[in-house]
Amino acid sequence: MRKRPLWFVGDVHLGRTTASLPRALADHDLDVMDLSPIAAWKNLVEAVLASDAEAVVFAGDVVDSDNARFEAYGPLSSAVQRLTKAGIRVLAVAGNHDVEALPRLARELDGFELIGADGVWEERELDACSIVGWSFPRARVRSNPVDEFDPSLLAPARESKPRLGLLHCDLDATVSDHAPVSSASLLAQPVDAWLLGHVHAPSFIASTSRRVPLGYLGSLSPLHRGEIGARGAVRLDLDGSRLAWRHVELAPVRFESLVIDLDLLCTSEPTRDRDAHAPDVTTTITRAMRDRLAAITASGEAPELRALVLRVSVQGHGDEFADVRAALEALDAEGASVVHENRVACICELTRNVRAAYDLDALARGTDAVAMLAREVRALESGMTEAAVELAEYSDRLRLDSRFRSLPRSGTARSASSTIDSEESERVRLLRVGHELLSYMIRERRGTT
Ligand SMILES: [Mn+2]
């Protein structure tokens, strides 16, 4: 038998605004509030009402902090009123950010149900399923709350009625102030799916093909440019014993990376005379932005989207690299925008990765400074090395020379945290610095400034 759907929502952080929004949005009458978590919140309430859901369930950090409780109160109370009046239940566990605010709101707002108050596991019955959850009792919890989970306290399992787990936690962290929990400890419990809050990158939907889906719901709305991809909530439709999970994009803003490869563009149009007709780099970038926006619109996956904010990376190599670089440097990326069917695409970050065309192996055979650098770049291509650290220091010194001021800042490889991810991005970035240095040095050697 078909049941009314349920909505599950990860971190909302009502009271916060989204950072890294470029200036260009103001040209389209979009301000920070149009793209804030509160705007996403309104979209969520409309979607839940339109679906005639049984309940909407929050996995913590709904409110950003105790200070933000004041700003959050209005949107929260009006949402709870509208939803409960429509016969839709509103349930939540508290996270580390709303450990004070959420229990207080639950006391003040009729119909707002806090699950697992004071760090005591609790099960709530719904028509379609039951939800077992635990709320943060204080802002810092260094132990695994699942150690306190006692299956004997749960209602006896009823056939074909799934039991869903709801928890705000730091999954698979060994040491953490925010409830470190191992996947194994969760999977050992008599629970059919674990819906988690805390980490903003969604991972739950990707796990739904497994026997026990387990992962983060992801944030309702991105809070800065590091939060790439579609943000929204997870909708659950239950038909008999079949659970159908779906991510629904609800945020009015989406951050994405966009790589523009100038080499690919040139080789894909071989009949054209490159020098005479190749589109200038500005046209190429705006065209790529419009194409991406049009593709999202055509997919129909983001009806609420108003702004697509892009981290653009332009790459390629050729003899005219200096001209392309100069054109890219002259660009006012933060002011650029394109419109497609009432939506705006703009740029929050522009990375230039263009260099001269050269044969690294041939260059590396020499004995001069160019050859030495070519050998370091080649070593870097095969992995992070001591040479990378030297290259970082060298490029920092070089930036003191006005001719090289536009080189990317290197920082030092040592100060970065030691995770594989950050080391890889450090390597990629240093590789770019190395190629740019080589490009300039070769040009200087040829005397073609
Ligand atoms: Mn959190």
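Here is what the cut-offs are and how they apply
- Residues numbered from 1 in each chain as written.
- Predicted model: local features only at pLDDT ≥ 70, side-chain atom pairs only at ≥ 80, totals over all residues.
- Heavy atoms only, no water.
- Helix = DSSP H or I, 4+ residues; strand = E, 2+ residues; numbered from the N terminus.
- Buried < 20%, exposed > 50% of the residue type's maximum accessible area, 1.4 Å probe, protein only.
- Contact = heavy atoms within 4.5 Å.
- Areas by Shrake-Rupley, 256 points an atom, 1.4 Å probe, with all protein chains shown as cover.
- Donors = N, O, S within 2.8 Å, 3.2 Å for Na, K, Ca; no water.
- Pairing = 2+ DSSP bridges.
- Axes fitted to C-alpha atoms, helices over the stretch in contact; angles between N-to-C directions.

Draft legend 1. Quick peek at the overall build of the chain. Looking only at helices and strands, the chain features 12 helices and 17 strands. Buried residues in the chain amount to 51% of all 449 residues. Looking at the chain alone, contacts between residues at least 24 apart form 71% of all its contacts between residues at least 6 apart. If you sum the accessible surface of the chain, you get close to 20,900 Å²; carbon and sulfur atoms cover 49% of it.

Draft legend 2. View of the coordination of the manganese ion. Bound to the manganese ion on the protein side are Asp61 (OD), Asn96 (OD1), His168 (NE2) and His198 (ND1), at distances that span 2.1 to 2.3 Å. Taken in sequence order, the residues that donate to the manganese ion follow the motif D-x34-N-x71-H-x29-H. In this pair, Asn96 sits in the loop between strand S3 (89-92) and helix H3 (101-108) while His198 sits in the loop between strand S10 (193-197) and strand S11 (214-216), placing the two residues 102 residues apart along the sequence. By relative accessible area, Asn96 is classed as buried at 10%. The exposure class assigned to His198 is buried, which follows from its relative accessible area of 17%.

Draft legend 3. Region of the structure containing the sheet that holds strand S14 (residues 253-261). In spatial order, the strands read S14-S15-S17-S16; together these 4 strands make up an open sheet with mixed pairing. Bordering the open sheet on either side are S14 and strand S16 (337-340), each of which pairs with just one other strand. Strand-to-strand twist of the sheet, defined as the mean angle between neighbouring strand axes without regard to direction, takes the value 25°. With 9 bridges connecting them, S14 and strand S15 (residues 307-317) associate as parallel partners. Paired with Val253 across the strands is Ala307, a residue of S15.

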